[in-house]
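Chain and residue survey
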Amino acid sequence: MSRISYVNGKYCEHNNSYVHIEDRGYQFADGVYELIPFFQDKAFLLDKHLLRLNKNLSEMKIENIYSNDEWRSYINKLTSYYDYTNFYVYIQVSRGAPKHEEEVLRQHHYYNEMEPTIFMYVSEINLLPEDKIRKGFSCVTLDDLRWGMCNIKSISLAYNALAKNYAKEREAFETVFVKKGIITEGSSSNIFIVKDNVFYTPQLNNYVLPGITRGYVIEEIKTLDYQIQEIDISIDMLEKADEAFLTNSTQFLVPISSLNKKIIGSGQAGKYSCELYEKFKKSFNWCYNFFYNNCDCCNWKNNGWKSF
Ligand code: PMP
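Residues numbered from 1 in each chain as written. Predicted model: local features only at pLDDT ≥ 70, side-chain atom pairs only at ≥ 80, totals over all residues. Heavy atoms only, no water.

**Some remarks on the sheet that holds strand β2 (residues 10-13)**
Pairing within the open sheet is antiparallel, and its six strands lie in the order β2-β1-β6-β5-β3-β4. The open sheet has two free edges, formed respectively by β2 and β4 (42-43), since each of these has just one partner strand. Sheet topology note: the strand β1 (residues 4-7)/strand β6 (residues 117-124) ladder contains two bridges and is antiparallel. Paired with Y6 across the strands is M120, a residue of β6. (Pairing = 2+ DSSP bridges. Helix = DSSP H or I, 4+ residues; strand = E, 2+ residues; numbered from the N terminus.)

Shown next as structure tokens:
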């Protein structure tokens, strides 16, 4: 399978896909991105991702030159080059590169008639192994020193990248950002806790990305008739939670086992995390014995999961 990517209306060999060095995405992080997951070859929450892309472009005053139907058709064509089962489409839209001689040489202000640079590529999703999900993942905390527009899915991700590396250096899975004692989100995820059978997640503000998975999980929690509150969550609340988990588009739900080496809850995936994960898999007709740990159809105990 040769890797094809989309650049400004053309489908190109991935290794020969380029944008101009003067592109404002490259020099000013002047752009936004989206990541659309496909599970069992089906786009997951595509309309919600396109809606967020449109909103973010408008916040950044970058023109969305495609209608939703056009986005869908370009995405369909791009994904037709691949035969992955679980994968994502990464979309990046930057303000573009200056076109005229007098506009070059790195002006901070931009020109209104600039044409956005759009590229998309496809990458396979390797879901976290289910036995590891059951065990949960360790997290560390770090001061949230990002810019104040984290509600926009901007390509300005340098601090997020440093934070992810901070976790890696400590053999942790994710860094959870803390602003004045309040949890905001993970370096590439939203966060939930459960205490006394009630779910809590940080309320949306300019330090929290309105994650598409976050929104979906909130709706699922309500469908299951559990209570959910969007409030400020202190480090103390997170440390004393019965369970906690992260959400994002490529991993869906990741239970947290410890924070800064302190055990959270039971120190492994809690029952609500398992229930939500199971429900998610069920919606794709995956085997859904995650919570109960036994299954007629795939013999989980001996072989682990298999999808069908
Ligand atoms: N917050 C941040 C900082 C992220 O990078 C991500 C993943 N892009 C999320 C939250 C989760 O968002 P989503 O569920 O839309 O993937």
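So that's the structure; there's more coming.
**Topic: the site of the ligand**
What surrounds the ligand is a group of 17 residues, the closest being K153, E185, I212, T213 and S249. The side chain of R52 places a nitrogen or oxygen atom 2.9 Å from an oxygen atom of the ligand. Contact between the ligand and E185: a nitrogen atom at 2.8 Å from a side-chain N or O atom of the residue. Contact with the protein chains removes 92% of the 390 Å² of surface that the ligand exposes when unbound. Those elements that place two or more of their residues in the shell around the ligand are β9 (182-186), α6 (212-223) and β13 (243-248). Per-class residue counts for the shell around the ligand are three nonpolar, eleven polar and three charged. (Near = heavy atom within 4 Å. Polar contact = N/O pair within 3.5 Å; in protein donor to acceptor, adjacent residues only side chain to side chain. Areas by Shrake-Rupley, 256 points an atom, 1.4 Å probe, with all protein chains shown as cover. Nonpolar A, V, L, I, M, F, W, Y, C, P; charged D, E, K, R; others polar.)

**Some thoughts on the pattern of salt bridges**
One pass over the structure, following the stated rule, counts 17 salt bridges. One salt bridge connects R72 with D69, and the closest N-O pair in it is separated by 2.7 Å. Note that R72 and D69 are positioned in helix α3 (residues 68-79) at a spacing of three residues, about one turn of the helix. R72 gets classed as partly exposed once you look at its relative accessible area, which sits at 26%. According to the relative accessible area criterion, D69 is exposed, its value standing at 55%. (Salt bridge = Lys/Arg side-chain N within 4 Å of Asp/Glu carboxyl O. Buried < 20%, exposed > 50% of the residue type's maximum accessible area, 1.4 Å probe, protein only.)

**As for the environment of E185**
Turning to its location among the elements, E185 is positioned in strand β9. Residue classification places E185 among the buried residues on the basis of a relative accessible area of 5%. For the pair E185 and T247, spaced 62 residues apart in the sequence, the C-alpha separation amounts to 9.7 Å. Excluding residues that lie within four positions of it along the chain, E185 makes contacts with R146, C150, T175, V176, F177, N190, I191, Y207, V208 and L209. Side chain to side chain, E185 and R146 meet in a polar contact 2.6 Å long. (Contact = heavy atoms within 4.5 Å.)

**Concerning the packing of aromatic side chains**
Within this structure, the stated rule accounts for 30 aromatic pairs. Seen in terms of ring centroids, F280 and F284 are 5.5 Å apart; in terms of plane orientation they differ by 70°. Their pairing is edge-to-face. Every member of this aromatic cluster is reached through a ring pair, and the members are F39, F44, Y216, F252, Y277, F280 and F284. The residue whose ring lies beneath R24 is F28, and the NZ or CZ to ring-centre distance is 4.4 Å. (Phe/Tyr/Trp six-rings, centres within 6.5 Å; stacked < 30°, edge-to-face > 60°. Lys NZ or Arg CZ within 6 Å of the ring centre and 35° of its normal.)

**Side note on the pairing of strand β3 (residues 31-39)**
Among the nine residues in β3, nine count as buried, and that is most of the element. Residues of β3 alternate between two faces, with G31, Y33, L35, P37 and F39 on one and V32, E34, I36 and F38 on the opposite face, all of them buried. Relative to strand β5 (residues 87-94), β3 runs antiparallel, the two sharing eight bridges. For F38, the partnering residue across the bridge sits in β5 and is F87.

**A short note on the nonpolar core**
In this structure, F199, V217, L238 and F245 are the most contacted members of the largest nonpolar core, which totals 44 residues. It is strand β14 (residues 252-259) that contributes the most residues to this core, five residues altogether. For V217, the residues in contact, after removing those within four places along its chain, are F192, F245, T247, F252 and L276. (Core = buried A, V, L, I, M, F, W, Y, C linked by side-chain atoms within 4.5 Å.)

**Topic: unusual backbone geometry**
Here D225, not a glycine, exhibits a phi torsion of approximately 70°, which is positive. Of note, D225 is situated in the loop between α6 and β12 (227-231). When its relative accessible area of 69% is taken as the criterion, D225 is described as exposed. The phi dihedral of F252 falls on the positive side, at around 60°, and the residue is not glycine. As for its position among the elements, F252 is in strand β14.

These figures capture arrangement, not role.
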